[in-house]
Amino acid sequence: MTKYILIGAGGHAKAVVEAIRGAGGAIVAYVDPREAAWLNAARISDDGLAAEVAAGSTVVMGIGGVETDSLAKRLALLQTYRSAGIPFRAVIHPAAYVSPTAVLGEGAIVLAGAVVQPGVSIGPGAIINTLAVVEHDSEIGEGSHVAPGAIVLGGCRIGECCMVGAGAVILPGAMIADHSLVPAGTRYPS
Ligand SMILES: CC(C)(COP(=O)(O)OP(=O)(O)OC[C@H]1O[C@@H](n2cnc3c(N)ncnc32)[C@H](O)[C@@H]1OP(=O)(O)O)[C@@H](O)C(=O)NCCC(=O)NCCS
């Protein structure tokens, strides 16, 4: 069984933990300044994290983000850990579909009911949230968040640390610049 250390144990982490457990993994510890009563695992420091990784545990990002600034901070934290030699696993909920020709970057997260179609590239640390769809040949940039129910149609290029709000529809071939917000329930281009 793969053993995971969770970075951040807030609300988004609950969905990440279910994805890991559903895929047969176990959370053995977490790093968070606050106690997480909902999570039956040990709270550890960054030093403890390094020791767990040396002992064979893998690391997953539990922190979410719904604003482009918080997504940028989240990505910077992930990069800080990566440059300290702490690798992140990609996580796929067992009820998600990810095409065998899609490529997921380090620490990418695909949650329940999401669909990632052929030729898609999901950047490191990106979140494809519940019931989101990323259609064929689209690219989701590093650290971006495609929120629940959002649909990215074919051949789109979404930049880094973008927030694609819940239920938004990105029309085929659209290009979205780094650090952009697409409000929930809208379509782009309008
Ligand atoms: C667009 C959205 C952020 C507006 O939120 P709001 O609280 O109604 O609007 P506010 O007027 O308070 O604006 C909040 C911030 O969003 C910015 N904003 C609002 N509408 C925007 C738009 N259409 N495009 C870009 N930025 C926008 C505002 O400038 C403001 O920025 P600031 O905090 O730096 O001043 C919100 O409707 C939204 O879509 N949020 C995403 C929700 C979501 O999908 N969550 C997923 C959870 S997993």
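For the structure, check the block above.
Read on for a plain summary of the structure.

## Section: the site of the ligand
Part 1 of the reasoning: What surrounds the ligand is the set V66, N129, H145, A147, P148, M163, G165, A166, L181, P183 and A184.
Part 2 of the reasoning: Between an oxygen atom of the ligand and a main-chain N or O atom of A166, the distance comes to 2.7 Å.
Part 3 of the reasoning: Within the backbone of A184, a nitrogen or oxygen atom sits 2.6 Å from an oxygen atom of the ligand.
Part 4 of the reasoning: Protein contacts shield 31% of the accessible area of the ligand, which totals 920 Å² for the unbound molecule.

## Here we look at the environment of G123
Part 1 of the reasoning: Positionally, G123 belongs in the loop between β10 (121-122) and β11 (127-128).
Part 2 of the reasoning: As a C-alpha pair, G123 and G11 span 112 residues in sequence and 22 Å in three-dimensional space.
Part 3 of the reasoning: Excluding anything up to four places from it in sequence, G123 contacts G105, A108, I140, G141 and E142.

## Brief notes about the sheet that holds strand β12 (residues 133-134)
Part 1 of the reasoning: The parallel open sheet is built from 6 strands, whose spatial order is β6-β9-β12-β15-β18-β21. The open sheet has two edge strands, β6 (97-98) and β21 (187-188), and neither has a second partner.
Part 2 of the reasoning: Summarising the sheet, strand β9 (residues 115-116) and β12 pair through 2 bridges and their orientation is parallel. Paired with V115 across the bridge in β12 is V133.

## Here's the deal with the pattern of salt bridges
Part 1 of the reasoning: In this structure the tally under the stated criterion is 5 salt bridges.
Part 2 of the reasoning: D32 serves as the salt-bridge partner of R34, at 3.8 Å between the closest nitrogen and oxygen.
Part 3 of the reasoning: Here R34 falls in the exposed class, since its relative accessible area comes to 61%.
Part 4 of the reasoning: Given the relative accessible area of 12%, D32 is considered buried.

## Description of the environment of A114
Part 1 of the reasoning: Of note, A114 is situated in the loop between β8 (109-110) and β9.
Part 2 of the reasoning: Taking the relative accessible area as the measure of exposure, A114 reaches 0% and is therefore buried.
Part 3 of the reasoning: Not counting chain neighbours up to four residues away, the residues in contact with A114 comprise A96, Y97, I128, N129, L131 and A132.

## Details of the state of the cysteines
Part 1 of the reasoning: Taken as a whole, this structure holds 0 disulfides when the rule is applied.
Part 2 of the reasoning: Note on C156: no disulfide assigned, nearest cysteine sulfur contributed by C162 at a separation of 11 Å.
Part 3 of the reasoning: Here C161 is not cross-linked by a disulfide; its sulfur's nearest cysteine counterpart is in C162, at 7.8 Å.
Part 4 of the reasoning: The exposure class assigned to C161 is buried, which follows from its relative accessible area of 2%.

Conventions used here
- Residues numbered from 1 in each chain as written.
- Predicted model: local features only at pLDDT ≥ 70, side-chain atom pairs only at ≥ 80, totals over all residues.
- Heavy atoms only, no water.
- Near = heavy atom within 4 Å.
- Polar contact = N/O pair within 3.5 Å; in protein donor to acceptor, adjacent residues only side chain to side chain.
- Areas by Shrake-Rupley, 256 points an atom, 1.4 Å probe, with all protein chains shown as cover.
- Helix = DSSP H or I, 4+ residues; strand = E, 2+ residues; numbered from the N terminus.
- Contact = heavy atoms within 4.5 Å.
- Pairing = 2+ DSSP bridges.
- Salt bridge = Lys/Arg side-chain N within 4 Å of Asp/Glu carboxyl O.
- Buried < 20%, exposed > 50% of the residue type's maximum accessible area, 1.4 Å probe, protein only.
- Disulfide = S-S within 2.5 Å.

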